[in-house]
Amino acid sequence: MSTHTTVSYCAKRTLSAQATRCLNPDNINPHVKEAKYAVRGELAVKAEEYRVKLAQGDKSLPFDSVIFANIGNPQQLDQKPITFFRQVLSLLENPQLLDRPEALRTSFGYEQDVIDRAKVLLADVQSVGAYSHSQGAPIIRKSVAKFIEERDGFPANPSDLFLCAGASSGVSTILNVICNGPQAGVLVPIPQYPLYTATLSLLNAQCVPYLLEEEKAWGTDVNAIRASLEKAKSNGTDVRSIVVINPGNPTGASLGLDDIKSVLDIAAEEKLVVIADEVYQTNVFEGEFTSFKKRLRQLQQEQPGKYDNVELVSLHSVSKGMVGECGQRGGYFELVGFDPEVAAQIYKLVSIGLCPPVIGQCLMEMMVNPPKEGSPSHEVYKTEYNGIRDGLHKRAMALYDAFQKMEGVECQKPQGAMYLFPTITLPPKAVEAAAAEKRAADEFYCLRLLDATGVCVVPGSGFGQKENTLHFRTTFLAPGTDWVERIVKFHAEFMAKYQ
Ligand SMILES: Cc1ncc(COP(=O)(O)O)c(C=O)c1O
């Protein structure tokens, strides 16, 4: 049910129903009401209303399509699924097709490696309609471990891996274990993906914000982290963990080796669990991705003893990268350096939810173990994968170039992920007009943008931003340049109106 439907349904509550129902907005868990999640907030609801109006033939709007640039949802914006993945999934969903291999090959163009992969996965999971092991099917965890080993050059153990229903579910699991009371605090980068602040609100724990450095391509600032940590500790917060999103959302920043080391240094000194959200690890345009696990293992070799106590959780997902299968809900997290008894409790916690979606697990297996060079599906896979990767880079640069030309807009060069997060400097009259509507100025700007162009972006306040700065976040997933032109035109008119 969409948020919009929920809202209109609730609006129909009658007084008598209110009197007889157990639940009303004032007696539900207050932490649910406190949690904020701007990427699916008011703007997204309004954008969906516009989409429905257009679909019903409404001609009164000043645009003919809605562009959902508010959320990293690639297949909503025209990205095609990778053929190999979907062919295997189709066989997993309908194994009877495997009885007709000739038809699959000749009528549908399925290659032998598609059929073979489906058989291997089915031999392990039996049916995608059956619960699997709570940590995820063993064969799939084995593939993930192999992928991590090849990526990092250090061993990985399938028993340290937990497959999950997207990285979101993994984050929730870990924060549930870390947050042991209202004093528990977690260092969260600002700006951040609001999953973290929202989950901490739900858990009634403390978000300890640390500001990223916009001027240094949104890098991490060790001093800012230490200052936030000290301030929180002096206020009685028990800071237990630090979140790092690399490559960054909403910033798009990709962290270098020194940045990663400084976080690991602080974690080692202060006994902090590092939560490394690495869901954008293949969306890197500048430099090379280095995982926190790899850097940790390097440092453990270079300086024996110093990093032995570091606990690290590293997360990945099928939602991003060139896969973009957000709706299938596949992800994993790897525990590094955890006490086995804590790991056992994490296992118990995930087992309460029985198992992650088995289809999502199978997709994860294919993501980490795609068709190899020389196998029949490899050529098409490579062409599709590279096409998506190059297309994303091109779109990022086109949007960045457009921002360069806009008055009062400054943007860091895209390095990775799926987003740009420009600063906007708005004329005082626009800020006053926003205040008159009791809105933050960036929210006001984004609402006017949506009303005028159908382009839905998210105000910087939804991610957190340095005081007295304004931003918005947009994905660069939408195809074509028309929507970028709409933003440029709107911006010029907005600035002229409030000059
Ligand atoms: C930084 C970050 N982490 C986690 C997620 C959630 O991903 P998933 O779809 O795997 O739950 C997102 C989604 O946009 C994200 O941007």
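If you're wondering where the values come from, they're calculated on a predicted model, not measured in any experiment.

**Student:** Can you walk me through the domain arrangement of the protein chain in this structure?
**Tutor:** Accessible area lost on assembly of the parts is the figure often given for the size of an interface. Domain assignment breaks the protein chain into domain 1 (30–66 + 382–498) and domain 2 (129–368). On a C-alpha basis, the centres of domain 1 and domain 2 stand 28 Å from each other. Going through the elements one at a time, α3 (30–34), α16 (378–404) and β10 (419–420) are the ones with two or more residues in the side of domain 1 that touches domain 2. Examining the composition of the side of domain 1 that touches domain 2, we find that six residues originate from one element, α16, more than from any other.

**Student:** How should unusual backbone geometry be read in this particular structure?
**Tutor:** Peptide bonds are, in most cases, trans, and in most cases residues other than glycine have a negative phi. The omega torsion across Ile190 and Pro191 is 0 degrees, close enough to zero to call that bond cis. Position of Pro191 relative to the elements: it lies in the loop between β3 (184–190) and α10 (195–202). The linkage connecting Asn249 with the following residue, Pro250, adopts the cis geometry, with an omega of 10 degrees. Position of Pro250 relative to the elements: it lies in the loop between β5 (238–245) and α12 (257–270). The phi dihedral of Lys438 is positive, around 55 degrees, even though this residue is not glycine. Tracing the chain through its elements places Lys438 in the loop between α17 (428–436) and α18 (441–453). Its 8 C-beta neighbours within 10 Å are what place Lys438 among the exposed residues. Phi at Asn468 is positive, roughly 65 degrees, even though this residue is not glycine. Along the chain, Asn468 falls in the loop between β13 (458–459) and β14 (472–475).

**Student:** What should I look at first to understand the sheet that holds β14 in this one?
**Tutor:** Pairing between sheet strands relies on hydrogen bonds along the backbone, with the strands arranged either parallel or antiparallel. Ordered by their spatial adjacency, three strands build an open sheet running β10-β14-β13, and the pairing between neighbours is antiparallel. Of all strands in the sheet, those bounded by a partner on one side alone are β10 and β13. Pairing of β10 with β14, which is carried by two bridges, proceeds in the antiparallel orientation. Along β14, the bridge assignment pairs Leu420 with Thr474.

**Student:** Can you walk me through the site of the ligand in this structure?
**Tutor:** Neighbouring residues of the ligand: 14 residues in total, closest Gly166, Ala167, Ser168, Ser317 and Ser319. Top contributing element to the shell around the ligand by residue count: helix α9 (residues 166–178), with three residues. Residue composition of the shell around the ligand, by class: six nonpolar, seven polar and one charged.

**Student:** Could you clarify how one ought to interpret α12 in this entry?
**Tutor:** In an α-helix, one full turn covers 3.6 residues, which means residues spaced three or four apart are oriented alike. The terminal C-alpha atoms of α12, which comprises 14 residues, lie 20 Å apart, in line with the 20 Å expected from a rise of 1.5 Å per residue. Every buried residue belonging to α12 is among Asp259, Ile260, Val263, Leu264, Ala267 and Ala268, and all of these are buried. In the core, the buried residues of α12 are packed alongside β5, β6 (273–277) and α13 (292–302). Phi turns positive one or two residues past the end of α12, at Lys271, with a value near 55 degrees.

**Student:** Help me understand the pairing of β5, please; the structure alone is not making it clear to me.
**Tutor:** Looking along a regular strand, one sees side chains alternate from face to face of the sheet. Most of β5 is tucked away: seven of the eight residues are buried. Judged from the four bridges that link them, β3 and β5 form a sheet pairing that is parallel. Counterpart to Gly185 in the pairing with β5 is Val239. In this sheet, β6 lies alongside β5 in parallel orientation, the contact comprising five bridges. Each bridged residue has a counterpart across the sheet, and for Ile242 the counterpart in β6 is Val274. You can see the chain leave β5, run along α12 and come back into β6, and the turn it takes is right-handed.

**Student:** Mind showing me how you'd approach the packing of α12 against α13 here?
**Tutor:** Between two packed helices, what matters for the description is the angle formed by their axes and the separation of those axes. The geometry of α12 relative to α13 is characterised by a closest axis approach of 10 Å and an angle of 75 degrees between their N-to-C directions. Considered as vectors, α12 and α13 are oriented roughly perpendicular to each other. Packed against α12, whose contacting residues are Leu257, Ile260, Lys261 and Leu264, the element α13 presents Phe292, Arg295, Leu296 and Leu299 at the interface. Per-class residue counts for the contact of α12 with α13 are six nonpolar, no polar and two charged.

**Student:** I would appreciate a short explanation of the UniProt feature "domain: Aminotransferase class I/classII large" (unreviewed entry) in the protein chain in the present structure.
**Tutor:** Mapped onto the present numbering, the UniProt feature "domain: Aminotransferase class I/classII large" (unreviewed entry) falls at residues 115–481. The distance separating the terminal C-alpha atoms of residues 115–481 is 39 Å; by composition the span is 43% helix and 16% strand.

**Student:** Any chance you could explain the sheet that holds β3 here in plain terms?
**Tutor:** The strand order across the open sheet formed by seven strands is β2-β8-β7-β6-β5-β3-β4, and the pairing between neighbours is mixed. Sheet topology places β2 (161–164) and β4 (206–211) at the edges, where each strand pairs with a single neighbour. Within the sheet, the average angular offset between the axes of one strand and its neighbour, ignoring direction, is 20 degrees. Sheet contacts for α13: β6, β7 (311–317) and β8 (331–336); angle to β7, the most-contacted strand, approximately 150 degrees.

**Student:** Looking at this model, I keep getting lost on the environment of Leu399. Mind explaining?
**Tutor:** As for its position among the elements, Leu399 is in helix α16. Spatially, the C-alpha atoms of Leu399 and Val144 are 34 Å apart, while their sequence positions differ by 255 residues.

**Student:** Teacher, can you tell me more about the pairing of β6 here?
**Tutor:** Most of β6 sits inside the fold, with five of its five residues counted as buried. Here β6 shows no split at all, with Val273, Ile275 and Asp277 on one side and Val274 and Ala276 on the other all buried. Pairing between β6 and β7: five bridges, direction parallel. If you follow Ile275 over to β7, its bridge partner there is Val313. Handedness of the crossover joining β6 and β7 through α13 is recorded here as right-handed.

About the cut-offs
Residues numbered from 1 in each chain as written. Predicted model: local features only at pLDDT ≥ 70, side-chain atom pairs only at ≥ 80, totals over all residues. Domains from an automatic or database assignment. Helix = DSSP H or I, 4+ residues; strand = E, 2+ residues; numbered from the N terminus. Buried ≥ 20, exposed ≤ 12 C-beta atoms within 10 Å, placed from the backbone. Pairing = 2+ DSSP bridges. Near = placed C-beta within 6 Å. Nonpolar A, V, L, I, M, F, W, Y, C, P; charged D, E, K, R; others polar. Expected span 1.5 Å × (residues − 1). Contact = placed C-beta atoms within 7 Å. Right-handed = clockwise from strand over helix to strand, strands pointing away. Axes fitted to C-alpha atoms, helices over the stretch in contact; angles between N-to-C directions. Parallel < 35°, antiparallel > 145°, perpendicular 65-115°, else oblique. UniProt positions renumbered as here; feature names shortened; annotations may be inferred.

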